[in-house]
Amino acid sequence: MNPLLPFVLLGLGLGYGEAEVAKFERLAAAEVSSQLQGEGRSVRVDAVPFAFSAGWGRMQSAEIDARDFSLRQLPFFTEPWRSKAGRLDTLRLRLRDFNLRGLQIAELSADIPDCRFDFGLARDKKIFRISKSGEGTGSVRVDEKALADYIVEKYAEVKSCTVKVYNDVVWVEGYGEFLIVNTNFTVIAKLTPLDGTKLVLTDAKIYFDWNRADEAAAKVILDLLNPVVDLYGDLGLYDAISVTEVRLRDGYVLARGKTRVPIKPEAPASR
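None of these values were measured; they are calculated from a predicted model.

(A) Representation of the environment of Gln-73 within the structure. Within the secondary structure layout, Gln-73 lies in the loop between β2 (58-71) and β3 (86-100). For the pair Gln-73 and Gln-35, spaced 38 residues apart in sequence, the C-alpha separation works out to 9.5 Å.

(B) Focus on the confidence of the model for the chain. In this model, the chain carries a mean pLDDT of 87, and residues with pLDDT of at least 70 account for 86%. Low pLDDT, under 50, characterises residues 1-15; the predicted model gives this stretch 60 contacts beyond four residues in sequence or across chains.

(C) Local environment of the packing of aromatic side chains. Throughout the structure, instances matching the rule amount to six aromatic pairs. Geometrically, the ring pair formed by Phe-69 and Phe-98 is stacked, given 4.8 Å between the ring centres and 5° between the ring planes. With a gap of 29 residues between them, Phe-69 in strand β2 and Phe-98 in strand β3 connect regions that are remote in the sequence. Aromatic pair Tyr-232 and Tyr-238: ring centres 5.5 Å apart, planes at 75°, arrangement edge-to-face. Through a chain of ring-to-ring contacts, three or more aromatic side chains come together here, namely Phe-77, Tyr-232 and Tyr-238. Over the face of the ring belonging to Tyr-252 we find Arg-141, whose NZ or CZ atom lies 4.5 Å from the ring centre.

(D) Spatial organisation of the pattern of salt bridges. Evaluation of the coordinates by the stated rule reveals 21 salt bridges. Glu-107 is the partner of Arg-141 in a salt bridge, and the nearest nitrogen-oxygen pair spans 3.4 Å. With Arg-141 in strand β6 (residues 136-143) and Glu-107 in strand β4 (residues 103-117), this pair connects stretches of sequence that are 34 residues apart. With a relative accessible area of 26%, Arg-141 lands in the partly exposed category. Here the salt bridges do not stand alone but share partners, grouping Arg-44, Asp-46, Asp-65, Arg-67 and Arg-96 into one network.

(E) Focus on the nonpolar core. Leu-91, Leu-147, Ile-151, Val-163, Val-187, Leu-191 and Val-229 are the most contacted members of the largest nonpolar core, which totals 73 residues. With seven residues, the single largest contributor to this core is β4. Leaving out residues up to four positions away in the same chain, Ile-151 has contacts with Val-158, Cys-161, Val-163, Val-172 and Val-228.

How each quantity is defined
Residues numbered from 1 in each chain as written. Predicted model: local features only at pLDDT ≥ 70, side-chain atom pairs only at ≥ 80, totals over all residues. Heavy atoms only, no water. Helix = DSSP H or I, 4+ residues; strand = E, 2+ residues; numbered from the N terminus. pLDDT = per-residue confidence, 0-100. Contact = heavy atoms within 4.5 Å. Phe/Tyr/Trp six-rings, centres within 6.5 Å; stacked < 30°, edge-to-face > 60°. Lys NZ or Arg CZ within 6 Å of the ring centre and 35° of its normal. Salt bridge = Lys/Arg side-chain N within 4 Å of Asp/Glu carboxyl O. Buried < 20%, exposed > 50% of the residue type's maximum accessible area, 1.4 Å probe, protein only. Core = buried A, V, L, I, M, F, W, Y, C linked by side-chain atoms within 4.5 Å.

What follows is the structure in C-alpha cells.
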C-alpha cells in the first residue's frame, strides 16, 4: 500500500504557476483515489505552495478531502528512512462518510504540522513521500447506528442490537447468546478512552430482560464487549490518533486526540 500523497509532483523546483498547482492537485487526487474503494468515492486535494520557495521544496499546506469510500488499511504512512529535505508546514485531512474494516465513520479530521518529505525523490522521480510527521490534533466521529452495526459484526454472541448516544452515556440494547445465558440485554455506560487506542465501556449498568445482572454476570458481558472499538487492533490505525477525550452527544460518539501520519509498518526493501 502506497503512503499518503504518493502522487506525481509537477513543477517542484521550477516555481508554481496556477496551471502547475492545478495539475498537481488533479494528479494528487487521482493517486489518492486509486488507494480507496467505492464507485462513488470523491477525492479533492488543495495545495498551497510558498511563493518563491518552491525551489527549496517547501509547501505551506496540503489538504486532502475524501468521501464515500471504503478501505481495509490506511492509504498513507510515514517513511522515516527517506530524506527530510522537503518541508510541508501543515497537512490537513478531511475524510467523510467512509467504511474502515466494517465501521462506518462519519468524519475523520486532522491537522498535522511540521511534516517533511523526500525532496530529491520528488524532484528526480516526480513522486512524493512523507518522511517525517509532526504531532497535531484531530477527531473521529461515529453515529449510533454505525456503532450498533459494528457491534453486531464484531461480536458473534450479539445477534442484534441498537445503540443510543445522548447525555454523555451510550445505551446498548439487544439480544445475545452468551455462555451464561441467551437473553435480551441492556448496557448503559460511559465510553472512555484507554491507552489512547481503545474505547471501553465504564461505569456500566447491565440488565437481562430488565433484571439487573449480578456482578459476575455483568463482568462476563463487559469482558466480552470491551474494548468496543480498538483503533489499533480492530481498525489498523496504528498511532494515527491517540484518543484523549470522548464525547457522547446527539447520536454521535466523538473521539478527540493527538494525530500523526503513522510510520509504515514494514521495513523498506532497500535504502
